[in-house]
Amino acid sequence: MATLRQAARNRLRAWAARRHGIDTLPLRIHRRRIYIVPTRFGLLLGALLFAMVIGGLNYSSNLGLAFAFLMVSLVLVAMHHCHRNLLGLSVDVNLEVDAFARTEALFHFMLRNESAVDRCDVEVCVPTAQPAIKSVVTGSYEQVAVAVPAERRGVTRWSQFELRTRYPFGWFHAWTYVQAPLTAFVAPTPAGNRPLPSVAAASGKAMPSQGRGDEDFAGLRSYAPGMPLKHMAWKVLARGGEAAVRIYSDRGAQPEWLEWAALEGLETEARLSQLCRWILECEAGYPRPYGLKIPGIDIMPGRGPLHRSRCLRALAAHGEPMTP
Amino acid sequence: MKLATPSATSTTYSQLQWISLCLGLALAAQVTTLPLWLLVVVCVAVAIRLGLAARGYAAPSRAIRLVISAVSIAMLLVQFHTFNGLPAGSALLSLMAGLKLLETQSRRDVYVVALIIYFLSLASLLESTSFWLLIYLLAVSWLTTATLLKLTHSAPPPGWGPSARYAGRLFAHAVPLALVLWLFFPRFQGPLWQMPAQGRHTAESGLSDSMSPGDITELALSDEIAFRVRFTATTPPPHERYWRGPVLHDFDGHTWRREAVGSFAPAALTPAGGAYRYVVSLEPHQHNWIFALDWPERWDLADARLTSDYMLVQPRAITRPIEVSATSYTQVQASQPLGATMRRRDTLLPPGRNVRTLELSHRLRDEHPDDMGYVRAVLDLFRQQPFYYTLKPPALADDSVDEFLFITRHGFCGHYASAFATLMRAAGIPARVVTGYYGGAFNRFADYWIVRQSNAHAWDEIWIEGRGWLRIDPTTAIAPERVERDLKDAVQSGEPVRWSEGIPWITDMRLRVDALRQLWRERILFYDQSSQNDLLALLHIPEPDGQKVAMVLAFGLVLALAWLTWQVRREQRRESKDPLARAYDRLCSKLAAVGLPRKAYEGAESFGARIARERPDLAREVSALCRRYSRLRYGESLHHRSKRASVAEMAFAARVRTFRPRRAAL
């Protein structure tokens, strides 16, 4: 039974996908894409209403019939209200998110309600994730974070997500599919205890192991926004000089190459974890560009959140089939 | 005792309180019909659950619940022997609701209780006729629905006020649809299947199928309404308004009874006067007869039939108000001779009883050998001898007729009818006592007659060869002017008189209230297939059949649903923007309609400028409007919305309304 229902749901999803095509976000929910069915409680109520009408007819009780018909109408009104709860709502989401394995990928959905009525209990469902529920009062917007558990490294894609509601009484279940490709890039869990290649190389030359390059002072350069404050030449500034940044020896400016090939003897996932850890270390530590070389992809040295994300995504996508 | 573990779907104390309140209110409507022990069980169950919830405990263990359920269901079976039928069904439902509340843990349990409350409300209404009960139960359902709303709403639950208002709005939206369904849903004659109607012991009221001396006297003091009558065309004169009830044949010297009457069809009657058409709305009296004007000829109740003594009866007791349209002739002639069985039965007297009456009869019969002469002699006897007509006659012993005729001589209609029939039978003239109602009070506010229990009356019918059954009302021989009016008016000094009798405006008010009640009955309670047909005739749909009714229903439903959709959408749009924004939207959509849609990034002024470039013919007007809009929107009036500003906004809206852009000429 459950598998049958699942199969039916999958067919419906596929059909909806064919019918609506790929949606552009933000999407305003049109009435033609809202589906509605009674819930189990609604079906029970339906059976009850049927019995009520039959009872009223059988006893030819006009009062009973009046009551029964009012309840029938109430259910129909509730159906309209359930449908309306999604109608005209605008939804947007960041389509691509980053995460580490064994954490959660957070999709931030934005629900905007420009109508005159409150939208209560709108659920945002991404498959495999716990649905998040939120109410959006009239003329405002709400951010809904859906946390998708990221168990394994890799790239997970969903071609659609679902907005649904059971408001007002749980008698009906209205939902809509939004055809938007959600992607979660799950980078490996940072792990491994090998030192950065540069450090390893330095220690190979019998350099002090704590040497992170800070000691090779090479001069000053005038400050430009974006330079690390850590290296501000405060003393120069205090003396009334111009804002300057300490520059260190050329070894510090050398890009750090994080290479797949440097991790001989480790398994694939362990290598990726080590690379991930290095990326984080590089990003957090000494400000020097770093590049990534793994089979199939070379990323030129760089720095900053975008670069970091690019590198982590490369790790996440390693070995994954290419996107169409 | 287990502590309740809170979760998203578990119920809170306040939710339990609300649903218990709703259940209590729904049960209150049935408090008179449900067994007392059952109410106690339900109350205790609810109290236990609430008590546990207040201390933060979970529902009692499964074993306890099972034992309570098993015991109370067994008791229910012992009491009703069945779960079929309304009383047993309601009792079972009430019990289930109470037990369900006892085990309520999750929202789903409360949902079930809510469904039971809905169904209990319906069950209370099925055999009810009360407008106030309907209103009350609608209020209960509204409260239940609001509770349900609070329950389904995820955290934080809305306040009580908003929930109630929202549920109320839903109910208000449901009304037109419900009205269409109620008006046009096909009705059937009679029940689809018979339900056992035991368990409800309602006191019988009004006349019964036996009459002892003094029986009717009790009724004569009752102000209760027996039935209401509306004559469709002509109203019969007062002395012909005899409403036929049980016909009594079997006399034991003290009491007249109606024992089994043969089921053969009544002998045909030849109408001798005009026909009267009327509609009787009967109050339930727990008997199966229908009071019809003497003598009924046609009626619209499918399963009612006429007995051999012209009583209109139904197969089942009348436990709910019913409405019957009938036609009667007040003057009839028998077209067939009296059957032998009937003759024997209606001349039978108990041997050895009322001996002095028999002697009197023989003496009179010797003087008047012809039947009519004898009848006149008996009536003269009542008129000339000192017979009194009183509501407080002395009690009579076994030979009631002897005692009445020769000793007490104070009696009520029953005494006279009984004595007259005995005298007739003693002379060999077939005679029987007919009980029923006589007269009635006219309600001039709604043009119908109210017949109360105080109008109860007894008279006689005798068989005269060649003429058939003849109605003789011996009471009229005593005090004709008293019978012409209500029996109530015949009350002698010392009898209770209604305190409001003499105050005209109070009488008027009572009549007006009764007129409203009658309107409620005729229009709502007795709305049936024929009323539906009348309604369809008003809509110019002649000769409605099932198909036509279904089509009208479908059409009405489509209209009501369209209204509902429109209403729901309108609510969504309403006040979404201020009038200024609405006017600007209108301007934009007018321009979009002629192929000049505003781009999403365009402000009013740049939009106006673009239009001016693309369509020089519209330039002047559009750029003026756009400038005006941005001045109103972003000008100083934004901060202090003066009266002048709103006037300016209205002027802008008016200008937009009259603005008619044309499509660009190709």
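Rules used throughout
Residues numbered from 1 in each chain as written. Chains lettered and ligands numbered in written order. Predicted model: local features only at pLDDT ≥ 70, side-chain atom pairs only at ≥ 80, totals over all residues. Helix = DSSP H or I, 4+ residues; strand = E, 2+ residues; numbered from the N terminus. Buried ≥ 20, exposed ≤ 12 C-beta atoms within 10 Å, placed from the backbone. Contact = placed C-beta atoms within 7 Å. Domains from an automatic or database assignment. Nonpolar A, V, L, I, M, F, W, Y, C, P; charged D, E, K, R; others polar. Pairing = 2+ DSSP bridges.

K.L.:
Sorry, what's going on with the overall build of chain A here?
P.N.:
Across its full length, chain A holds eight helices and 17 strands. Counting all 324 residues of chain A, 35% fall into the buried class. Considering only residue pairs separated by 6 or more positions, chain A has 68% of its internal contacts joining residues 24 or more positions apart.

K.L.:
Would you take a moment to explain the domain arrangement of chain A for this structure?
P.N.:
How big an interface is tends to be reported as the loss of accessible area on association of its parts. Residues and elements named next belong to chain A. Taken domain by domain, chain A holds domain 1 (1–187) and domain 2 (197–213 + 249–316). Using only C-alpha atoms to locate each centre, domain 1 and domain 2 end up separated by 45 Å. In this assembly, seven residues from domain 1 lie in contact with eight residues from domain 2. Counting residues per element, the ones that place at least two in the side of domain 1 that touches domain 2 are strand E9 (154–158) and strand E12 (182–187). Counting residues per element, the side of domain 1 that touches domain 2 draws most heavily on E12, at three residues. Tallied by class, residues from the side of domain 1 that touches domain 2 come to four nonpolar, one polar and two charged.

K.L.:
Help me understand the interface of chain A and chain B in this model?
P.N.:
Tallying the contact residues gives 44 residues for chain A and 42 residues for chain B. Elements with a contribution of two residues or more to the side of chain A that touches chain B: helix H2 (40–58), helix H3 (62–84) and strand E6 (119–125) of chain A. Of all the elements, H3 of chain A adds the most residues to the side of chain A that touches chain B, at 19 residues.

K.L.:
How should the sheet that holds strand E11 (residues 305–306) of chain B be read in this particular structure?
P.N.:
Sheets are built from strands paired through backbone hydrogen bonds, the pairs being either parallel or antiparallel. Residue and element names in this part refer to chain B. Read across the open sheet, the three strands follow the order E8-E12-E11; overall the sheet is antiparallel. One side of each edge strand has no neighbouring strand; the edge strands of this open sheet are strand E8 (289–290) and E11. The pairing of E11 with strand E12 (residues 312–313) spans two bridges and is antiparallel. What sits directly across from Leu306, in E12, is Leu312.

K.L.:
Explain unusual backbone geometry to me, please; I cannot follow it from the model alone.
P.N.:
Most peptide bonds adopt trans geometry, and most residues besides glycine take a negative phi value. With an omega of 0 degrees, the peptide bond running from Tyr167 of chain A to Pro168 of chain A counts as cis. Residue position: Pro168 of chain A is located in the loop between strand E10 (161–165) and strand E11 (172–178). Going from Asp294 of chain B to Trp295 of chain B, the amide bond is cis rather than trans, its omega being -10 degrees. With respect to the helices and strands, Trp295 of chain B occurs in the loop between strand E9 (292–293) and strand E10 (296–299). The phi angle at Asp121 of chain A is positive, at roughly 50 degrees, despite the residue not being glycine. Mapped onto the elements, Asp121 of chain A comes out in strand E6. At Gln286 of chain B, a position not held by glycine, the phi torsion is positive, near 70 degrees.

K.L.:
How should the pairing of strand E20 (residues 456–464) of chain B be read in this particular structure?
P.N.:
Residue and element names in this part refer to chain B. In terms of residue burial, E20 counts as a mostly covered element, since eight of its nine residues are buried. Relative to E20, strand E17 (residues 431–438) runs antiparallel, the two being bridged by seven bridges. In the strand pairing of E20, Val433 is matched with Asp460. Bridge analysis of E20 against strand E21 (residues 468–472) gives five bridges, and the strand direction is antiparallel. Paired with Ile464 across the two strands is Gly468, which belongs to E21. In this antiparallel pair of consecutive strands, E20 and E21, the connection spans three residues, and Gly466 shows a positive phi of 85 degrees.

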